[in-house]
Amino acid sequence: MIGLISATAAGAAARDRLAAAWPERTRVYEGPVGQAVRAAFAECEQLVCFLATGAVVRLLAPLLAGKAADPGVVCVDEGGRFAVSLLGGHGGGANALAREVGEVLGAEPVVTTATDAVGLPGLDTLGLPYEGSVAAVSRALLDGEPVALEAEVAWPLPPLPVAPQGSYTVRVTDRAVAPGEREVLLRPPSLVVGVGASKGAPAEEVIGLVEEALREAGLSPRSVAELATVDAKAEEPGIVAAAERLGVPLVTYSAEELAAVEVPNPSDAPLAAVGTPSVAEAAALVRGGELLVPKKKSAARPAMATCAVVRRPGRGRLAVVGLGPGARDLLTPRAAAELRRASVLVGLDQYVDQIRDLLRPGTRVLESGLGAEEERARTAVAQARKGHAVALIGSGDAGVYAMASPALAEASDDIDVVGVPGVTAALAAGAVLGAPLGHDHVSISLSDLHTPWEVIERRVRAAAEADLVVTFYNPRSRGRDWQLPKALAILAEHREPTTPVGVVRNASRPDEAGRVTTLAALDPATVDMMTVVTVGNTATRIIAGRMVTPRGYRWQEDPK
């Protein structure tokens, strides 16, 4: 919950705007300011104070306990011009909150955290448990000192400006080791503990067994991602208590699923009790991984609990990102966030140049020229399989004549894939022309590099016969100059010469040029590969110089 506190009418007006925008996230604190701040500080995860920063500092000072416990605090000035991240920038989420508040109120977010200011991800904001000298290692990264990344467990981290060797270290490990003086340990959620238990097994016996197994194997409890067991034990108190003690979810599988898992230590006892020859080992191994601790029984007599520990490799992450038609303000916030998140960027060199300034320090860029689409797709998938966070970029929407298709054809279920939509060239061109896509429409690429012309021609003819508005991608190049005239001729068999046609070159870019002409008047020689051609259907009209295809609702028809 976000506590909202104000002292004046102007502050209350801005406060109420924020409360109206976030009714489920916020709570307004009325009454004397000091009392309101103290109550909100005790009850809320974050605060937005519509007060002077000096006043908030004096009110908060006696309440501060430490960065790990204090809520995030944002101050908004009386004029609503600035949203200042005052306290708990990382741990309390105040930096992100300042940006959100700024978007709602039209205020400028003010973030002074050093890493955020220069575009570095904070080591304490990566979503992983951490230990060690965060401040010292972060300062070394900021100062450009060599910081080594030692990834004992591959994990898809955001970009960090690391070196092969250094006097400071960021170590990704699930082993139970202590951090060095100049070291930060990041604990990836790489361990799965499979647990089996007899009915009524004491919670302390199950918990003690799990803790002992981890300790003897030299593994950190902070890297346990989940406890796993069979469905029949989903409500067994001892297993539930063990998951709660570790602070991880309890995941269950059917006996049939577990029985299909090959394990080194099957047993007749669980087979008779729950229908599978293994619970602990099978539940830990069912989704793959390396068995680090084979089935281990508790020390009680008789033993009422078993456990096994598996290390699952970090799943690489592939974000397929559409950059839009070229204008920076048509790059979506989600796309920009994925570019900052990726430690490896793969793309066409000219597209990389468009967004290079958005990349964080340490991002590894793998760029290539025209005609290497399949190679880029294979490269991106291969990097993700190595455990990296990868962004594969394309123009427009990555799923429309772009990189999503070859990448997903190459990828299997061993990596996580995220699609990030973008504004397509057809949509950008349509906005320039008016509303040519107001009813059913189709996009067809005229490039026969990947599709035989016979197939393209059949699709154009079908669109013509179906009276669909047609947007042509890749309409004409130096070596491919006859396809567009042929396609227009096919459409002309079914449409009047006066049918509106829109031609847009470099939609949304500084040298954008668009015009509306007709099917008969269009000169194909004026079209190139940077152009989108949109041919209207029999209902499309030119209205006030704009190309409009009516929606065709019956209630809009002129009754006669």
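Each remark here, short or long, concerns the structure printed above.
None of the values given here were measured: they were computed from a predicted structure. (Residues numbered from 1 in each chain as written. Predicted model: local features only at pLDDT ≥ 70, side-chain atom pairs only at ≥ 80, totals over all residues. Heavy atoms only, no water.)

Caption draft 1: Here's a closer look at the side chain of T540. Its location among the elements puts T540 in the loop between β26 (531–535) and β27 (541–543). On the accessibility criterion, T540 (2% relative accessible area) is buried. A polar contact of 2.9 Å, which involves the side chain of T540, links it to the backbone nitrogen of N537. One polar contact links T540 to T549, side chain to side chain, over a distance of 2.8 Å. Setting aside its immediate chain neighbours within four residues, T540 contacts V469, P500, M547, V548, T549 and P550. (Helix = DSSP H or I, 4+ residues; strand = E, 2+ residues; numbered from the N terminus. Buried < 20%, exposed > 50% of the residue type's maximum accessible area, 1.4 Å probe, protein only. Polar contact = N/O pair within 3.5 Å; in protein donor to acceptor, adjacent residues only side chain to side chain. Contact = heavy atoms within 4.5 Å.)

Caption draft 2: Spotlight on the nonpolar core. Counting residues in hydrophobic clusters, the biggest one holds 23 residues, and the most contacted among them are V193, V195, L214 and L227. Of all elements in the fold, only β11 (191–197), α7 (203–217), β12 (224–230), α8 (237–246) and β15 (305–311) reach the threshold of two or more residues within this core. When residues in this core are grouped by element, the largest group, 6 residues, is from α7. What L214 contacts, discounting residues up to four positions off in sequence, is L191, V193, L219, P221, V224 and V309. V503, L519, V527 and V533 belong to the second largest nonpolar core, which has 21 residues in total. (Core = buried A, V, L, I, M, F, W, Y, C linked by side-chain atoms within 4.5 Å.)

Caption draft 3: Fine view of the side chain of D397. Mapped onto the elements of the fold, D397 is located in the loop between β19 (389–394) and α15 (404–410). R334 provides the closest opposite charge to the buried, salt-bridge-free D397, at an N-O distance of 9.7 Å. At 2.7 Å, the side chain of D397 forms a polar contact with the backbone nitrogen of G399. Setting aside anything within four residues of it in sequence, one finds D397 in contact with G322, A402, P421, G422, V423 and T424. (Lys, Arg positive; Asp, Glu negative; His and termini not counted. Salt bridge = Lys/Arg side-chain N within 4 Å of Asp/Glu carboxyl O.)

Caption draft 4: Looking closely at the packing of α7 against α8. Interhelical geometry of α7 versus α8 gives an angle of 50° and a closest axis separation of 8 Å. Of the possible angle classes, the one that applies to α7 and α8 is oblique. The handedness of the crossing between α7 and α8 comes out as right-handed. Contacts between α7 and α8 involve A203, E204, V206, I207, V210 and E211 on the former and, on the latter, G238, I239, A241, A242, R245 and L246. Tallied by class, residues from the contact of α7 with α8 come to 8 nonpolar, 1 polar and 3 charged. (Axes fitted to C-alpha atoms, helices over the stretch in contact; angles between N-to-C directions. Parallel < 35°, antiparallel > 145°, perpendicular 65-115°, else oblique. Left-handed = near helix turned anticlockwise from the far one by under 90°. Nonpolar A, V, L, I, M, F, W, Y, C, P; charged D, E, K, R; others polar.)

Caption draft 5: Just unusual backbone geometry, in detail. Of the consecutive residues R301 and P302, the connecting peptide bond is found in the cis state with omega at 0°. Within the secondary structure, P302 is located in the loop between β14 (290–297) and β15. Located in the positive-phi region is Y401, a residue other than glycine, with phi close to 50°. By the element assignment, Y401 lies in the loop between β19 and α15. Positive phi, normally seen in glycine, also occurs at S508, with a value near 80°. Looking at the element boundaries, S508 is found in the loop between β24 (500–505) and β25 (513–518).

Caption draft 6: The arrangement of the pattern of salt bridges in detail. Inspection of every chain in the model, using the stated rule, returns 30 salt bridges. The salt bridge involving K296 is made with E216; its shortest N-O contact spans 3.2 Å. Pair noted here: K296 is in strand β14 and E216 is in helix α7, with a separation of 80 residues, a long-range link. Across the pair D357 and R328 runs a salt bridge whose closest N-O atoms are separated by 2.9 Å. A residue pair is termed long-range when its members are at least 10 positions apart, and D357 in the loop between α13 (349–355) and β18 (364–368) and R328 in the loop between β16 (317–322) and α12 (333–341) qualify at 29 residues. With a relative accessible area of 55%, D357 lands in the exposed category.

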